[in-house]
Amino acid sequence: LLLLSLGTFTLNAQVLDTARALVEINTPNQADAYPYVTNDGLRLYYTNNNTGSNDLYFTSRTHIATSFNTPQLVEANTFQGIISSWFSEDELEIYYSTGSAIFHAARATTSSPFGAATQLTLTGNSGGFISSQSLTPNADELFVHEAGVGLVRYTYTSPFTYSMQGVITPPAGLEGSRGQLTKDGLGFYWSLSPAAASSTELYTMSRANLGDNFGVPSAMNVLINDGSFANTQASYATTANVLVWVRGTADLWSENELYVAYNKAQGVANLIDVNANTFNFSAYPNPFSSTLNVRYTLENAETVNFVICDEMGRTVKEFTRNSDAKNNNMQIDLSELNAGTYFITLFNDRFTETKMLTK
């Protein structure tokens, strides 16, 4: 095999200083894994095996520091048993792995079903287990983790056909695992571990131009690389500076859980505690028919933002209210909404809370 050399470029990502487990979507002992976060940091695809096979799920949120909405299964009959997914930036194309092959499918809109899938031909593939596929924006380069081989780079040769160019080898003393390109294709987040140990850490490497070799990997900080866990399968939103990755106990797949990190200067001032009832916030009746009553309590007078989204994460109503200290009561006319599931989020620069509604 051709071994691809490493250069000297470094990834100039902004500082990630806030991290938390995605407790609002993680399913204990059900392997939440292989995330793909969109470039704005607001939409997330991942796999979960709570039906007995790895299925594709989708969730969204209104702000990079708020909680994600209740996950939705993506086309159960199409994406059952997949391993990992990668999307074009507009989310209209998906590349997914079944472990033995990679497939491509497309759809007209993000709310439309995907069409028939086509298997990619990987010339030079070893035939081993493949996952963590990711592509450059022009789809000219494909990077794949192949079990027993490593991080393999392919290049486009003809429609649905890619040719192996070589294997990227990690620095001496380290073993490579799964990884993913940044959305611009100039960075790569790679899981590496010492050859004689079970710990796994996330590293970054970068390059100046598409098609170049990547620079030498650099370990991320201790906020991400908590030594109590194996840190793997990172997905980075270049524009939003949001990282989603997997933490788990080494060699115990069912304990894998999703984590998110971002820069608090781009989000809210404090780390979100999704279990805390920070507003003493209630919305009723639920289910509602036309009018929703909202009640919340604040310690001080301050501005509160309201956002209501549908189950696909699309905003259907938003406004801001100058709220009083102590008790606040209001009614929101939602008569124009169709029957379905919605999410209402109250937030400002200090607090956030989301509740699910049914009409």
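Residues numbered from 1 in each chain as written. Predicted model: local features only at pLDDT ≥ 70, side-chain atom pairs only at ≥ 80, totals over all residues. Heavy atoms only, no water.

Draft legend 1. Quick look at unusual backbone geometry. A cis amide bond links Tyr284 with the next residue in sequence, Pro285, at an omega value of -10°. Positionally, Pro285 belongs in the loop between strand S23 (282–284) and strand S24 (291–298). Of note, Tyr34 is a non-glycine position whose phi angle comes to about 45°, a positive value. Inspection of the secondary structure assignment puts Tyr34 in strand S3 (residues 33–37). The residue Ser132 is not glycine, and still its phi comes out positive at about 55°. As for its position among the elements, Ser132 is in strand S12 (residues 130–135). (Helix = DSSP H or I, 4+ residues; strand = E, 2+ residues; numbered from the N terminus.)

Draft legend 2. Spatial organisation of the packing of aromatic side chains. For the structure shown, the criterion picks out 19 aromatic pairs. Plain terms: the ring middles of Phe79 and Tyr96 are 5.3 Å apart, the flat faces sit at 90° to each other, and that makes the pair edge-to-face. With Phe79 in the loop between strand S6 (72–73) and strand S7 (84–87) and Tyr96 in strand S8 (residues 93–97), this residue pair connects regions lying 17 residues apart in the sequence. Overall, the relative accessible area of 1% leaves Phe79 in the buried class. Given the relative accessible area of 7%, Tyr96 is considered buried. A centroid spacing of 5.8 Å and a plane angle of 40° characterise the contact between Trp245 and Tyr259, whose relative ring orientation is tilted. Remark: Tyr259 occurs in strand S22 (residues 257–262) and Trp245 occurs in strand S21 (residues 242–248); sequence separation between them is 14 residues. (Phe/Tyr/Trp six-rings, centres within 6.5 Å; stacked < 30°, edge-to-face > 60°. Buried < 20%, exposed > 50% of the residue type's maximum accessible area, 1.4 Å probe, protein only.)

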